[in-house]
Amino acid sequence: MTQNPFITLNNNIQMPALGFGVFRSSPEETTGAVSTAIITGYRHIDTAAAYMNEVQVGEAIKASDVARSDIFVTTKMWISDYGYDSGLHAIDRSLRKLDTDYIDLYLLHQPVPTYFDRTIEAYKAAEAALADGRVRAIGVSNFNTQYLENLMAQTDIVPAVNQVEVHPFFTQKPLRDTHAKYGIATQAWSPIGGVNRYGNFTTEAVEDPLTHPTIVQLAEKYSKTPAQVILRWHIQNGICAIPKSVNPGRIAEN
């Protein structure tokens, strides 16, 4: 088994650089997929309240032979729970569903620009959970530089992570520079191609990273698959990658 490198967060917590995502995994698929991932060697599982599969993630972790302390669990607060008291309730709910005493990384799922005060209050709830040990690190997802700086101006703790779309066709260099400036780790959702593979939400033609000639040539040169080349790009750039699959072969490949 290849050793999964770690990224040290800004509060010295060690986060495995390669994680396993369950976005769009149905509850029926999730338990088996997470169990397969853990057996394969993944030690970082990423879910969210909005994915509706926290219970199944928790069941797979409980059923594994790996100690809870050796598995890094990330989940996220959905925008309907933003606010301070409602945020605290959301954290407690995720803890119950995951059937765990603590969450390793807790994120706000996305900013809500029209109600940014509630976004701030939700983050303050996460700060409180960090202070009392229910979570080990806190951060955000889908925040741009403006929202990050607005958040940090009104709260006490710099986010440990910002989980955003990043891949070789969407490198987000300016945002990653912001992360480096403040000591925020970059985490990539859909790292193998983001919306280029999940579905194009614009009328513009986009390329599939897995079939791009450069990626294919590199894969052939190094006797790897295109997906492995793309994931290695993330790791070598210091980015935490969270690929998702329910296919055992692809789970192992990634």
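The coordinates are above.
Quick notes on the rules
Residues numbered from 1 in each chain as written. Predicted model: local features only at pLDDT ≥ 70, side-chain atom pairs only at ≥ 80, totals over all residues. Heavy atoms only, no water. Buried < 20%, exposed > 50% of the residue type's maximum accessible area, 1.4 Å probe, protein only. Helix = DSSP H or I, 4+ residues; strand = E, 2+ residues; numbered from the N terminus. Arc of directions from axis to C-beta. Contact = heavy atoms within 4.5 Å. Pairing = 2+ DSSP bridges. Phe/Tyr/Trp six-rings, centres within 6.5 Å; stacked < 30°, edge-to-face > 60°. Lys NZ or Arg CZ within 6 Å of the ring centre and 35° of its normal. Core = buried A, V, L, I, M, F, W, Y, C linked by side-chain atoms within 4.5 Å.

Asker: Describe in detail helix α6 (residues 173–182), supporting the description with residues and values.
Answerer: Along an α-helix, residues three or four apart share an orientation, since each turn contains 3.6 residues. Within α6, the full set of buried residues consists of Leu 175, Arg 176, Thr 178 and His 179. Looking straight down α6, one finds that the buried residues subtend no more than 150 degrees of arc, so they occupy a single side. Looking at α6, the residues exposed on the side facing more than 90 degrees away from the buried face are Pro 174, Ala 180 and Lys 181. Looking at the buried side of α6, the elements it contacts are α5 (145–154), β8 (161–165), β9 (185–189) and α9 (226–236). A positive backbone phi angle near 75 degrees is found at Gly 183, which sits one or two residues after α6.

Asker: Outline the sheet that holds strand β6 (residues 105–108), listing residues and values.
Answerer: Ordered by their spatial adjacency, eight strands build an open sheet running β3-β4-β5-β6-β7-β8-β9-β10, and the pairing between neighbours is parallel. Edge positions in the sheet fall to β3 (20–21) and β10 (240–242), since each of these pairs with one other strand and no more. Both β9 and β10 contribute to a ladder of three bridges, which runs parallel. In the strand pairing of β10, Gln 187 is matched with Cys 240.

Asker: Account for the packing of aromatic side chains, with residues named and values stated.
Answerer: Summed over the entire model, instances satisfying the criterion amount to four aromatic pairs. The interplanar angle of 80 degrees and the centroid separation of 6.5 Å between the aromatic rings of Phe 143 and Tyr 147 together place this pair among those described as edge-to-face. Pair check on accessibility: Phe 143 and Tyr 147 agree, each one buried. Among the aromatic residues, ring-to-ring pairing joins Phe 116, Phe 143 and Tyr 147 into one connected group. Taking NZ or CZ as reference, Arg 68 lies 4.2 Å from the ring centre of Tyr 102, over its face. The ring of Tyr 115 has Arg 118 sitting right over it, with the charged end atom 5.5 Å from the ring centre.

Asker: Which residues make up the nonpolar core, and what are the values?
Answerer: By size, the foremost hydrophobic cluster in this structure holds 54 residues, and its most contacted members are Phe 20, Val 34, Met 77 and Tyr 106. With six residues, the top contributor of residues to this core is helix α4 (residues 116–131). In this structure Met 77 touches Tyr 82, Gly 87, Ala 90, Ile 91, Tyr 106, Leu 107, Leu 108, His 109 and Ala 122, once residues within four positions along its chain are discounted. Of all hydrophobic cores here, the second largest spans 14 residues; its members include Ile 7, Phe 72, Ala 160 and Ala 185.

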